[in-house]
Amino acid sequence: MARPRKPLLNTDRIVETARRLVDAEGLPAVSTRRLAAELGVSGPSLYNHFRTKDEILEAVADSVSAQVDLSMFEDGREWRTALHDWAVSYRAALLDHPNIVPVLAQGPGRRPAGLRLADAVYGGMVAAGWPPAQATSIGALMRYFVMGSALGSFAGGFVDDASAYDPADYPHLGQAHRLAEQQEKIDERAFETGLTALLEGLARQYERLRRIA
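The structure presented is a predicted model; accordingly, all values stated were derived computationally and were not measured.

Draft legend 1. Local environment of the environment of Asn48. For Asn48, the position within the fold is in the loop between helix 2 (32-39) and helix 3 (53-65). A residue is classified by how much of its surface remains accessible, and Asn48, at 65% relative accessible area, is exposed.

Listed below in structure tokens is the structure:
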């Protein structure tokens, strides 16, 4: 029998399958046994590509980082615009794959796409004139903000039952039962409000630094 032209298993296929499992069922759904079954291969064959489940999850996390647009740090956009556009792209990638955020929150480690992301943000800020220490802080700040916004929905955390908000106990939550139905709009507006406030605050710091210099 002729050998198949393409290998039955490769790293990209494993990562794609694991990412689908994480998206659909969360991190606990990923195991070598489950992945092998989904891929139609024997469990030990996975070890030719990944030594552990943690390595697979690291690769899934890096595949999500690779979806973030970094072109704004290379095409001459002003630093505030670049940070804004990057944050929007970053959040969009995380919202598409929210279940992997806890792995991403541990930091880039040795993940190539994660390190390229950190390098692009830091390099963009230094090139714009921020001192290295401040550029590092900006990268951390933006990461905290974007990941926090992707970890859960503020609006979605309120039940749509008006009786849960007795005005005797919660006099200012009379309309809270309506938040969930407008979840996407409210969360998007909250993100943009926070992002604008962060960037305006950074702009004031930047101007002070420029005057001192």
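Draft legend 2. Molecular detail of the layout of surface pockets. Here the largest pocket is characterised by a volume of approximately 280 Å³. Those elements giving two or more residues to the lining of the largest pocket turn out to be helix 4 (79-96), helix 6 (112-127) and helix 7 (132-151). Looking at the lining of the largest pocket element by element, the count peaks at six residues for helix 7. Its residues assigned to classes, the lining of the largest pocket comprises 11 nonpolar, five polar and two charged. Counted as a void, the second largest pocket has a volume near 200 Å³. Residue lining of the second largest pocket: Arg91, Leu95, Pro98, Ser149, Ala150, Leu151, Gly152, Ser153, Gln183, Glu184, Asp187 and Glu188, and that is the complete set. Mapped by element, the contributors of at least two residues to the lining of the second largest pocket are helix 4, helix 7 and helix 8 (183-212). For the lining of the second largest pocket, the element with the highest residue contribution is helix 8, accounting for four residues. Residues that form the lining of the second largest pocket fall into these classes: four nonpolar, four polar and four charged.

Draft legend 3. Molecular detail of helix 1 (residues 11-25). Taking 1.5 Å per residue as the helical rise, helix 1 with its 15 residues ought to reach 21 Å, and the 21 Å between its terminal C-alpha atoms agrees with that figure. Of the residues making up helix 1, those classed as buried are Ile14, Val15, Thr17, Ala18, Arg19, Leu21 and Val22. Turning to helix 1, the residues buried within the fold contact helix 2 and helix 3. Between the side-chain oxygen of the N-cap and the backbone nitrogen of Asp12 there are 3.2 Å, and the N-cap of helix 1 in question is Asn10. Note on helix 1: the residue one or two positions beyond its end, Gly26, has a positive phi of about 95 degrees.

Cut-offs and rules
Residue indices begin from 1 for each chain and proceed along its sequence in written order. Owing to the predicted nature of the model, reporting of local features is limited to residues with pLDDT of at least 70; listing and counting of side-chain atom pairs is limited to 80 or more, with chain, interface and lining totals taken over all residues. Where side-chain values are given, they derive from all heavy atoms of the structure, hydrogens and water being excluded. Numbering of helices and strands starts at the N terminus; helices are DSSP runs of H or I of at least 4 residues and strands are runs of E of at least 2. We call a residue buried when its accessible area falls under 20% of the maximum for its residue type, exposed when it is over 50%, and partly exposed in between, using a 1.4 Å probe and counting protein chains only. For each structure, a 1 Å grid was placed over the protein atoms alone; sets of points admitting a 1.4 Å probe that cannot get out are labelled cavities, open sets with protein on both sides within 12 Å along at least five of seven lines are labelled pockets, and lining residues have an atom within 4 Å of a point. Grid points are joined across faces, edges and corners, and a volume is the space filled by probe spheres set on the points. In this classification, the charged set is Asp, Glu, Lys and Arg, the nonpolar set is Ala, Val, Leu, Ile, Met, Phe, Trp, Tyr, Cys and Pro, and all remaining amino acids, among them Gly, are polar. Here, expected helix span is obtained from the residue count minus one, scaled by 1.5 Å. Residues count as neighbours in contact if any of their non-hydrogen atoms are within 4.5 Å of one another. Residues adjacent in sequence count toward polar contacts only when both atoms are side-chain atoms; beyond that, a polar contact is any pair of N or O atoms within 3.5 Å, and within protein one must be able to donate a hydrogen and the other to accept it.

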